[in-house]
Amino acid sequence: MPAVLIWVALQILSTIVLIFFHIDKVENTIATYAQSLERLAVSRNSQNFGFMQSLTMVADAPRSRSIASFTNLAENLHARYPQISGIAWYEMEPDEKVQLKPIVQVPTEGESPILKSAKLLEALGGHHGQVQVVVDGELQNKYYIIEHVRNYKNHFSIIITIDSREMLKPSLVDNCPKVTWTSGELTLFSNVSTKKNNSLILSTIERSIEVYIGDIYQKPNDNFLKTSINVEKPIALDAIFDNRMLYVFSTFSILIAGLSSYALHQGQVTRRLREAERLAKANINRLELEKRHEHASRVYAIGEMAAAIAHELIQPLTAILINSQTGVKLMDAMSTPHKNVTSILSSNVKDAQRASEIIRNVRSFVSPKPTDTACTDIIAAIREVVTLMEALFAECGFEIALDFDEEPLLCKIGRVEFEQVVYNLVRNALEVGEHLDAKDRIVAISARRTDERISIRVRDRGPGIEEIMLQNLFVPFSTTKVSGMGLGLSLSRRIVERAGGELSGQNHQGRGAIFEIVLPKATGGIASSNRRQPVTADEARCHRETKQS
């Protein structure tokens with residue numbers, strides 16, 4: 001009898017030890033399984049938002065080509081990625097109302113998802129340029145990714161319907177633990193079996209992980225969908241006894257071994273929790289560090305290039321300044337100085353200083369902070385550009401027509417940058433006049449105030465812009481000139497947009513092309529650093545004589 005009691009005691013102790021080992025094994029399995037589900041959900045979330053970015057870029061192209069390209073891309077995504085159950089492209093009205101008939105819908109059969117959900121329809125009324133994630137309890141096992149785009153040429157919304165049942169596959173296979181994916185009180189997916197389990201359940205191991213579904217290029221905000229993936233697995237008594245090791249432990253198990261196993265188990269759980277917390281913090285720090293390093297690398301590369309160019313240019317500019325200033329002093333020392341020569345040398349000094357200022361402005365582009373520009377008199381800046389280009393107008397046989405408001409027009413934009421934009425637009429207008437009649441060789445420049453904005457227009461009477469070029473007018477390296485690089489209009493638009501304005505170009509209804517700069521009106525005086533002495537008639541004449549010689 002004592003032997004039987006000892007054996008029974010050892011069996012009980014062995015069973016306790018097996019239970020602890022089994023629980024530890026299940027916990028490790030659940031932790032690994034939950035981590036794999038988290039990685040899968042995050043990876044496919046990144047995939048989906050990458051697809052949204054691609055679809056938006058295609059839809060924002062000219063409508064004549066974008067519909068076919070969008071349809072082809074949407075069909076491929078729907079066919080290859082099971083989690084994408086639908087893609088729709090809707091046109092938006094000016095009053096933020098969506099047209100119920102989509103431009104493109106994939107798949108084409110069935111009712112449009114926007115007609116099924118009032119919550120989805122409401123979400124389309126705002127958040128321009130932001131990606132939203134919308135979930136509606138009336139539409140089970142689905143959520144929607146919405147991007148609303150509104151710019152100077154397009155106004156539309158794109159909806160990607162995501163089947164949450166496919167988001168976690170193929171990790172959800174038969175005989176897997178119970179997995180429930182929820183958002184608040186709404187269940188996105190659950191693989192709970194309907195079969196009854198008649199086994200005796202000793203305990204249930206759970207692991208819950210929060211996953212944010214949203215734009216991977218932004219930090220979590222109100223537009224993100226906060227979800228929770230919960231993994232559970234019951235500890236059944238028959239699963240523990242279905243183990244041959246029970247008979248081995250019945251021989252060697254002792255009470256100390258059982259207590260030691262329990263203490264080790266608790267220590268492992270604590271260490272795993274601490275390690276998981278440490279890894280999470282390290283991962284967040286690593287992502288932030290990688291982001292800073294990536295930005296620093298781009299800025300460093302551009303800064304190196306700008307520094308190299310500035311280094312190469314500063315020596316000849318310095319030589320020009322020194323030589324010109326020396327020439328002015330020599331002419332002043334002469335008994336009968338030549339005013340024309342002195343004026344030309346003074347103009348060289350001013351042009352060299354202007355080139356140095358342009359180099360400084362180009363280098364400021366690499367700065368992540370916005371440039372604090374002073375108020376610039378738009379009319380004075382345009383007149384100075386026209387005066388400096390008089391020799392070029394005479395050489396090309398062009399006339400200039402100016403139409404300005406009587407009062408100064410002030411905008412918060414760098415004077416040199418603005419003059420560079422006007423120079424680029426006027427130079428482009430002159431280059432189209434090679435085959436024009438004399439009566440058509442006119443460039444018209446106007447500057448008017450409209451409400452709180454200032455409109456500057458440059459128009460020529462040339463053949464206009466080709467239709468294919470209108471679509472890529474401000475795309476870098478897009479040009480029809482044999483010797484052009486295609487960067488003038490792209491850089492000009494960037495300068496204007498940095499000042500809070502817009503630059504657009506189109507064909508005039510009558511003849512030729514017209515480019516319009518729209519800038520916000522500024523109040524206040526002109527800063528001393530932004531003032532420039534007007535170009536005198538002698539300096540302009542010297543420019544013309546220098547060009548002709």
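Undergrad: Any chance you could break down the overall build of the protein for me, citing the residues and the numbers?
TA: Looking only at helices and strands, the protein features 14 helices and 16 strands. Across the 549 residues of the protein, 39% fall into the buried class. Within the protein, counting contacts between residues at least 6 apart in sequence, those at least 24 apart form 68% of the total.

Undergrad: I'd like a rundown of the packing of helix α9 (residues 378-388) against helix α11 (residues 415-431), residues and numbers included.
TA: Two elements in contact, α9 and α11, have axes whose closest approach is 9 Å; the angle formed by their N-to-C orientations is 55°. One element, α9, and the other, α11, form an angle in the oblique class. Along this stretch, α9 crosses α11, giving a crossing that reads as right-handed. For the pair α9 and α11, contact is made by I378, A380, A381, I382, E384 and V385 and by R415, F418, E419, V422 and Y423, respectively. Here the contact of α9 with α11 is built from residues that sort into eight nonpolar, no polar and three charged.

Undergrad: Pulling in residues and values, what's your account of the sheet that holds strand β14 (residues 453-459)?
TA: Taken in spatial order, the five strands line up as β11-β13-β14-β16-β15 in an open sheet, and their pairing is mixed. Each having just a single partner strand, β11 (399-404) and β15 (502-507) make up the two edges of the open sheet. Neighbour-to-neighbour, the strand axes of this sheet turn through a mean angle of 15°, independent of strand direction. In this sheet, strand β13 (residues 442-450) lies alongside β11 in parallel orientation, the contact comprising six bridges. Its bridge partner lying in β13, I400 is registered against V443. The strands touched by α9 are β11, β13, β14 and β16 (513-520); relative to β11, the strand with the most contacts, the crossing angle is about 175°. Running at roughly 170° to β16, α11 makes contact with β13, β14, β15 and β16 of the sheet.

Undergrad: Describe in detail the sheet that holds strand β2 (residues 104-106), supporting the description with residues and values.
TA: Strand pairing within a sheet occurs via backbone hydrogen bonds; the two strands may be parallel or antiparallel. Here five strands make up an open sheet; going across it, the order is β2-β1-β5-β4-β3 and the pairing antiparallel. Every interior strand has two partners, whereas the edge strands, β2 and β3 (131-135), have only one. The mean angle between the axes of side-by-side strands here comes to 15°, regardless of whether they run parallel or antiparallel. Sitting on the sheet, helix α2 (residues 63-80) touches β1 (84-91), β2 and β5 (155-163), and the angle it makes with β1 is about 165°.

Undergrad: Talk me through the pairing of β1; I want residue IDs and the actual numbers.
TA: Of all eight residues making up β1, seven are buried, and the element is well covered by its neighbours. Pairing analysis gives seven bridges linking β1 to β5, with the strands arranged antiparallel. In the sheet register, I87 faces β5, and the bridge partner there is I160. The sheet contact formed by β1 and β2 spans three bridges and is antiparallel. Across the sheet, I87 pairs through a bridge with V106, a residue of β2.

Undergrad: Before we move on, could you go through the pattern of salt bridges and cite the residues and values that matter?
TA: Tallied over the full model, the rule gives 16 salt bridges. The partner of D440 in a salt bridge is R511, and the shortest N-O contact between them spans 2.8 Å. Taken as a pair, D440 in the loop between α11 and β13 and R511 in the loop between β15 and β16 lie far apart in primary sequence, 71 residues in all. When its relative accessible area of 40% is taken as the criterion, R511 is described as partly exposed. Each of D24, E27 and R272 takes part in a single network of salt bridges with overlapping partners.

Undergrad: Tell me what's going on with the side chain of T227, and back it up with residues and numbers.
TA: In this fold, T227 is placed in strand β9 (residues 225-236). In this structure T227 comes out as buried when scored by relative accessible area, which is 2%. Within polar-contact distance, the side chain of T227 engages the side chain of W181 at 3.1 Å. The contact partners of T227, leaving out residues within four places of it in the chain, are W181, T182, S183, L188, I209, E210, V211 and I213.

Undergrad: How would you summarise the environment of P463 if you had to cite specific residues and measurements?
TA: Looking at the secondary structure, you find P463 in the loop between β14 and α12 (467-470). Separated by 31 residues in sequence, P463 and V432 place their C-alpha atoms 7.7 Å apart.

Undergrad: Explain the environment of L124 to me, using residue names and the numbers behind them.
TA: Its location among the elements puts L124 in the loop between α3 (118-123) and β3. L124 sits 24 residues away from H148 along the chain, and the two C-alpha atoms are 6.8 Å apart.

Undergrad: Kindly report on the nonpolar core, identifying the contributing residues and their values.
TA: Ranked by size, the top nonpolar core spans 45 residues in total, and within it F70, Y143, W181 and I229 carry the most contacts. Here the element with the most residues in this core is helix α1 (residues 2-59); it accounts for twelve residues. When residues no more than four places from it in sequence are discounted, the contact partners of F70 are L55, V58, A59, I87, W89, V104 and I158. Counting 41 residues, the second largest nonpolar core, distinct from the first, contains V421, I445, I456 and F474.

Undergrad: Any chance you could break down unusual backbone geometry for me, citing the residues and the numbers?
TA: Between V106 and the following residue, P107, the backbone shows a cis peptide bond with an omega angle of -5°. The residue P107 is located in the loop between β2 and α3 in this model. For D451, which is not glycine, the phi dihedral falls at a positive 55°. You can see D451 is positioned in the loop between β13 and β14.

Undergrad: Tell me about the pairing of β5, and please be specific about residues and values.
TA: Summarising burial for β5: nine of the nine residues are buried, a large majority. Going residue by residue along β5, you find H155, S157, I159, T161 and D163 tucked away on one face and F156, I158, I160 and I162 tucked away on the opposite face as well. With nine bridges connecting them, strand β4 (residues 142-150) and β5 associate as antiparallel partners. Its bridge partner lying in β5, V149 is registered against F156.

Undergrad: Please give an account of the environment of R441 that cites residues and values.
TA: With respect to the helices, strands and loops of the structure, R441 is situated in the loop between α11 and β13. Residues R441 and G397, 44 residues apart in the sequence, show an inter-C-alpha distance of 6.9 Å. In this structure, R441 is in contact with C396, G397, F398, E399, G433, E434 and L436, ignoring residues within four places of it in sequence. In this structure the side chain of R441 is engaged in a polar contact, spanning 2.9 Å, whose partner is the backbone oxygen of C396. A polar contact is formed between the side chain of R441 and the backbone oxygen of L436, at a distance of 3.2 Å.

What counts and how
Residues numbered from 1 in each chain as written. Predicted model: local features only at pLDDT ≥ 70, side-chain atom pairs only at ≥ 80, totals over all residues. Heavy atoms only, no water. Helix = DSSP H or I, 4+ residues; strand = E, 2+ residues; numbered from the N terminus. Buried < 20%, exposed > 50% of the residue type's maximum accessible area, 1.4 Å probe, protein only. Contact = heavy atoms within 4.5 Å. Axes fitted to C-alpha atoms, helices over the stretch in contact; angles between N-to-C directions. Parallel < 35°, antiparallel > 145°, perpendicular 65-115°, else oblique. Left-handed = near helix turned anticlockwise from the far one by under 90°. Nonpolar A, V, L, I, M, F, W, Y, C, P; charged D, E, K, R; others polar. Pairing = 2+ DSSP bridges. Salt bridge = Lys/Arg side-chain N within 4 Å of Asp/Glu carboxyl O. Polar contact = N/O pair within 3.5 Å; in protein donor to acceptor, adjacent residues only side chain to side chain. Core = buried A, V, L, I, M, F, W, Y, C linked by side-chain atoms within 4.5 Å.

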